Amino acid sequence: MKLEKRPWFRTALKLRGSVIPTILPRVFLCGGFGFFISLLDFLNLPVSLPILSSIVPSIVLGLLLVFRTNTAYDRFWEGRKFWGNLVNTVRNLARQIWVAVDEKEPQDFIEKKLALRLLPAFAVAMKLHLRQEPVSAELERFLSPLQYQKLKSMNNPPLEIAFWIGDYLNKQYNRKCLDVYRLTAMQELINNMVDALGGCERILKTPIPLAYAIHLKQLLLLYCLSLPFQLVEELGWGTGLVAALVSFTLFGIEEIGIEIENPFGHDPNDLPLDTICATMQRNIDDLVSLSPSVNADIVGK
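What counts as what
- Residues numbered from 1 in each chain as written.
- Predicted model: local features only at pLDDT ≥ 70, side-chain atom pairs only at ≥ 80, totals over all residues.
- Heavy atoms only, no water.
- Helix = DSSP H or I, 4+ residues; strand = E, 2+ residues; numbered from the N terminus.
- Phe/Tyr/Trp six-rings, centres within 6.5 Å; stacked < 30°, edge-to-face > 60°.
- Buried < 20%, exposed > 50% of the residue type's maximum accessible area, 1.4 Å probe, protein only.
- Lys NZ or Arg CZ within 6 Å of the ring centre and 35° of its normal.
- Salt bridge = Lys/Arg side-chain N within 4 Å of Asp/Glu carboxyl O.
- Disulfide = S-S within 2.5 Å.

Q: Explain unusual backbone geometry here, please?
A: Backbone geometry follows two general trends: most residues other than glycine have a negative phi, and most peptide bonds adopt the trans configuration. In this structure, N44 takes a positive phi of about 65 degrees despite not being glycine. Residue position: N44 is located in the loop between α2 (20-42) and α3 (58-100).

Right under this line is the structure:
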């Protein structure tokens, strides 16, 4: 995926991909509450309570937010590493199948190409599985009608595709089209693909503990709503604006953590899984655009 140098101010003011639309209602609530406290202070009601600053120490809240965001980013980056490893594994496995599996009959070439199409099919099925979406027409072009119908009834489609790839390799070994050393190496690559699937499933099915998420939200709310009582004596009518700015900062940091803790969805900040799958498909298409004999001639030159 191409990294672009984006204009600083255009990026700073961009709404799509930011958490501003999500946190804006909370920011308005805190700002409005701050304005309400300013109004009560203007009416000479005793609302100034600086002692409330000790209820939720800002350093404690800051440490909790940093831990929350770092934990979420670790999940995001770990997911990206799993998908990066999957891309490399698919490339290596495709190259080895294309070069190492002998073709004794004309039908062998067709079967080899069908087996190679299972590699991007695994990636697409894994993407749909992680997004908890059913098998769709996006997969149909990689599979035979029988495989596609069978996949619809499977609980874990990518695991079934990995089984089909392994079954093809075993078949070629039994036909003496593949030696045992290459077979072992290719089976290890299939294991790596399944490991990537299992790692992503672990990220998906192990969310941040609910008790931690609830407690952090409670502390954020308590801090933001107690802030106007601490500031109104010095800021007066500016209390609402400052309360809104502080809540914008804190709620934004929390929401970023929520946004990236599951990196496999469709949100702008999630991993570009569609692009990664398309990259794998292009790699396979490039590989099969030349016959193995032509590739050997190119290497010899």
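Q: What's the story with the packing of aromatic side chains in this structure? I'm lost.
A: Given two aromatic rings, one states the distance between the centres and the angle between the planes to describe the pair. The full count for this structure, using the stated rule, is six aromatic pairs. Summarising the aromatic geometry, the rings of F42 and W237 are spaced 5.4 Å apart at their centres and angled 45 degrees between planes, so their arrangement reads as tilted. In this pair, F42 is assigned in helix α2 and W237 in the loop between α9 (210-235) and α10 (239-260), connecting sequence segments 195 residues apart. Since its relative accessible area comes to 53%, F42 is described here as exposed. What links up through ring pairs into an aromatic cluster is the set F35, F42 and W237. Just above the ring of F251 sits the side chain of R26; from NZ or CZ to the centre is 5.4 Å. For K112, the ring lying beneath its charged end belongs to W98, and the centroid distance is 5.4 Å.

Q: Where do I start with the pattern of salt bridges in this structure?
A: Proximity of charged atoms lets side chains of opposite charge pair with each other. For the structure on display, the rule yields 12 salt bridges. One salt bridge connects E255 with R26, and the closest N-O pair in it is separated by 3.1 Å. One end of the pair, E255, is in helix α10; the other, R26, is in helix α2, and 229 residues separate them in sequence. With a relative accessible area of 9%, E255 lands in the buried category. One network of salt bridges, in which partners are shared, links R26, K217, E254 and E255.

Q: Sorry, what's going on with the state of the cysteines here?
A: With the rule as written, the count across this model stands at zero disulfides. The thiol sulfur of C200 is not disulfide-bonded, and the nearest other cysteine sulfur, from C277, lies at 11 Å. Residue class for C200 comes out buried when judged on its relative accessible area of 0%.

Everything listed here is a matter of coordinates, which is why it stays silent on function.
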